[in-house]
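Geometric and topological summary
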Amino acid sequence: MPIKLHPAIDNGFKKGSKTFSGGTLKCHCTSDPVTVEISGQVVHNHACGCTKCWKPKGAIFSIVAVVPHSAVKVKTGAKKLKVVDENALIQRHACTSCGVHMYGPVKRKDHAFNGLDFIHVELSDDKGWQEPQFAAFVSSVIESGVAPSEMKSIRKRFETLGLAYYDCLSPALMDALATQAAKNAGVKPRK
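Chains are numbered independently. Their residues run from 1 in the order of the written sequence. It should be noted that, the model being predicted, local features are given only for residues of pLDDT at least 70 and side-chain atom pairs only at 80 or more, the latter also being counted only at that level, while totals for whole chains, interfaces and linings use all residues. In computing side-chain properties, one takes all heavy atoms of the structure into account and sets aside hydrogens as well as water.

**Let's talk about the packing of aromatic side chains**
As a reminder of what qualifies: Each aromatic pair joins two rings of Phe, Tyr and Trp (for Trp, the six-membered one) with centres within 6.5 Å, and gets the label stacked for planes under 30 degrees apart, edge-to-face for over 60, and tilted for any other angle. A run of H or I in DSSP counts as a helix once it spans at least four residues, and a run of E counts as a strand once it spans at least two, with each numbered from the N terminus. Only protein chains enter the area calculation, which uses a 1.4 Å probe; residues under 20% of their type maximum are buried, those over 50% are exposed, and those in between are partly exposed.
Applying the stated criterion across every chain, the model contains four aromatic pairs. Between Phe-134 and Tyr-166, the ring centres sit 6.2 Å apart and the planes meet at 65 degrees, which makes this aromatic pair edge-to-face. With Phe-134 in strand β10 (residues 134-136) and Tyr-166 in the loop between β11 (164-165) and α2 (171-185), this pair connects stretches of sequence that are 32 residues apart. Phe-134 sits in the buried class, given a relative accessible area of 5%. Since its relative accessible area comes to 25%, Tyr-166 is described here as partly exposed.

In structure tokens form, the structure reads like this:
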């Protein structure tokens, strides 16, 4: 039996729609849920093994993507939201009742991800969200209790699902971070 990574990818996944225009995320509360409207499609949707991202019960990885901060609007339950870690780069806003992370803006002007919000599209019943593109911080699942001996099976499972996996972010995102770091340091690109 294949190793279980996350319910949204364990049995494969559908390709998203290029014309998808957004949807509504809803926390897990059965009454008075927090709802967040997302206007537009996400980018860089991926499985994440870090220990900071919210994961549904039993999942080893989260599934997380980004949208511009301007595309995120809390519709209901704003009073129930609290930032999980004020010192973190991603200011994850979680429901204080059920614990689900609804959105996480990056607000550091000198960071490549400034102006982006991290969201979990699995919290939406709307269809058409971008499918996962890759897996990031794969080795980090060891920090959450996964046995190192399971890593070979986990990487093989990502291969079977057709997802490239990295022990950092994808090359495009690492390039964006390095580009911003060079800019911050005043390094001029060679021509």
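**Re the layout of surface pockets**
Our working rule: Only protein atoms enter the 1 Å grid used here. Points where a 1.4 Å probe fits but cannot escape make up a cavity, open sets with protein on both sides within 12 Å along at least five of seven lines make up a pocket, and a residue lines them when an atom lies within 4 Å of a point. Grid points are joined across faces, edges and corners, and a volume is the space filled by probe spheres set on the points. When residues are grouped by polarity, Ala, Val, Leu, Ile, Met, Phe, Trp, Tyr, Cys and Pro land in nonpolar, Asp, Glu, Lys and Arg in charged, and all others, Gly among them, in polar.
The computed volume of the largest pocket comes to approximately 450 Å³. Lys-14, Val-121, Asp-126, Lys-127 and Trp-129 are the residues nearest the centre of the largest pocket, which is lined by 20 residues in total. Considered class by class, the residues forming the lining of the largest pocket number seven nonpolar, six polar and seven charged. Every residue lining the second largest pocket is counted, 18 residues in all, and those nearest its centre are Ile-90, Arg-92, Phe-118, Phe-137 and Leu-169. Examining the composition of the lining of the second largest pocket, we find that three residues originate from one element, strand β3 (residues 43-48), more than from any other. A per-class count over the lining of the second largest pocket returns 14 nonpolar, two polar and two charged.

**Regarding the pattern of salt bridges**
Inclusion rule: By salt bridge we mean one thing: a side-chain nitrogen of Lys or Arg within 4 Å of a carboxyl oxygen of Asp or Glu.
Going through the model one piece at a time under the given rule, you end up with five salt bridges. Residue Arg-155 is joined to Asp-167 by a salt bridge in which the shortest nitrogen-to-oxygen separation is 3.3 Å. Here the residue Arg-155 occupies a position in helix α1 (residues 151-161), and Asp-167 occupies one in the loop between β11 and α2, the gap between them amounting to twelve residues. Overall, Asp-167 belongs to the partly exposed group, its relative accessible area being 46%.

**Section: the environment of His-93**
Heads up, the condition is: Any pair of residues with heavy atoms lying within 4.5 Å of one another is described as a contacting pair.
Along the chain, the position of His-93 falls in strand β7 (residues 93-95). As a C-alpha pair, His-93 and Ser-139 span 46 residues in sequence and 25 Å in three-dimensional space. Excluding its chain neighbours within four sequence positions, the residues that come into contact with His-93 are Leu-81, Lys-82, Val-83, Val-100, His-101, Met-102, Tyr-103 and Pro-105.

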